[in-house]
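# Examination of the molecular architecture
Chain residues, written in single-letter form:
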Amino acid sequence: MAAALEASSQAKAYQYAAGLTHFASLQVVPVGFKLAAYPMERLRLLMQTQHTNKTYTGSSFSSIARTVSHIKTEGMISAWRGASPTIIRWLPSQYIVLFLKEYLSAALPSYKKTESYPLYFVCKVGSGAATGVVNALVWAYPLDVVRQQLATTNSLTWKNAIRSVYDTHGLTGFYRGFLMDAPGLMIFRGVQLGGWDLVKDHYGKAWEEKTRVNRFLHGQAISLMGSVMSYPWDTIRRNLISMDTKGGSYADVYHKGVPMAGGLRKFFYAGFSARILSSVVNGALLEGFDEWKRTRSA
């Protein structure tokens, strides 16, 4: 009896270790993509904050080509400035969100489409929205502020970036702009994660018959839709961070940025072209997480 229990425990431990190994292997591709695409992230941040960024006053980041030309003057390695906090922040963030989404989906009331579609829709989107805000509050947001400081100012080290934020705004500086980021996160994660569930439910059993590429493209399209809807909120909060002076408000960002950009659309969606190019990993992440769940339940 004891031998059987020991053998069962060993089998479970082996299965758990194998699952973790498989899970870790699935992260190689997303992390590789994120690191390779990071120069586009820095391009996006420079373009997005150009109207309030005092470090690069007079520089023109009106297009990807002009921004690339500027980065070349700093040296090509500078294209990865801010990459380290991005990787440290990004991968745990994605899986905190995905696992928390699973937990909330199980905890919330379950409604079928045929019973009450509005409640079914609200639960799917609401659980995704909640996970995005919780993750940012407890983990991701301070690291994102440091990342932006490295990418858009003359702070070349973590120490300099952290000191610059703290000396100007104190500890609250690491959450500067969060009140504007929260609704943007709710929109993005609600559309991305809730939309992913809605699409899978729509296809039903036929979803598993689709190729990985097809599922990836669905995930990418849903994530892009979330980005389009949430990007203006992100632009406002990043420009508030970029002002890098005591005081300042969302109204100041709006009244300064919109005239300089030449209109609402140009201001709110500055750098969005680079955002599209840097977001190819989103679909891979959603499909990779589902792939891991499929192998775990097999």
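Calculation notes
- Residues numbered from 1 in each chain as written.
- Predicted model: local features only at pLDDT ≥ 70, side-chain atom pairs only at ≥ 80, totals over all residues.
- Heavy atoms only, no water.
- Phe/Tyr/Trp six-rings, centres within 6.5 Å; stacked < 30°, edge-to-face > 60°.
- Helix = DSSP H or I, 4+ residues; strand = E, 2+ residues; numbered from the N terminus.
- Buried < 20%, exposed > 50% of the residue type's maximum accessible area, 1.4 Å probe, protein only.
- Lys NZ or Arg CZ within 6 Å of the ring centre and 35° of its normal.
- Salt bridge = Lys/Arg side-chain N within 4 Å of Asp/Glu carboxyl O.

## Remarks on the packing of aromatic side chains
- Under the criterion given, the structure shown has eleven aromatic pairs.
- Here the aromatic rings of Trp196 and Trp207 are separated by 5.3 Å at their centres, their planes lie at 85 degrees, and the arrangement is edge-to-face. Highlighted residues: Trp196 in helix H7 (residues 178–203) and Trp207 in helix H8 (residues 206–209), separated in sequence by eleven residues. When sorted by exposure, Trp196 lands in the same class as Trp207, which is buried.
- Taken together through their ring pairs, the aromatic side chains of Tyr117, Tyr120 and Phe121 make up a single cluster.
- Over the ring of Tyr203 we find Lys210; its NZ or CZ atom is 4.2 Å from the centre of that ring.
- The ring of Phe188 has Arg275 sitting right over it, with the charged end atom 5.7 Å from the ring centre.

## As for the pattern of salt bridges
- This structure, assessed with the given rule, holds 17 salt bridges.
- Asp201 is the partner of Lys124 in a salt bridge, and the nearest nitrogen-oxygen pair spans 3.5 Å. With Lys124 in helix H5 (residues 117–152) and Asp201 in helix H7, the pair connects residues that are 77 residues apart, well separated along the chain.
- Judged by its relative accessible area of 21%, Lys124 is partly exposed.
- As a salt-bridge pair, Glu287 and Arg215 come within 3.0 Å of each other at their nearest N and O atoms. You can see Glu287 sitting in helix H13 (residues 281–297) and its partner Arg215 sitting in helix H9 (residues 212–243), a full 72 residues away along the chain.
- The class for Arg215 is buried, based on a relative accessible area of 5%.
- Taken together, the salt bridges that share partners define one network made up of Glu41, Arg44, Arg89, Asp144, Arg147, Asp181, Asp234, Arg237 and Arg238.

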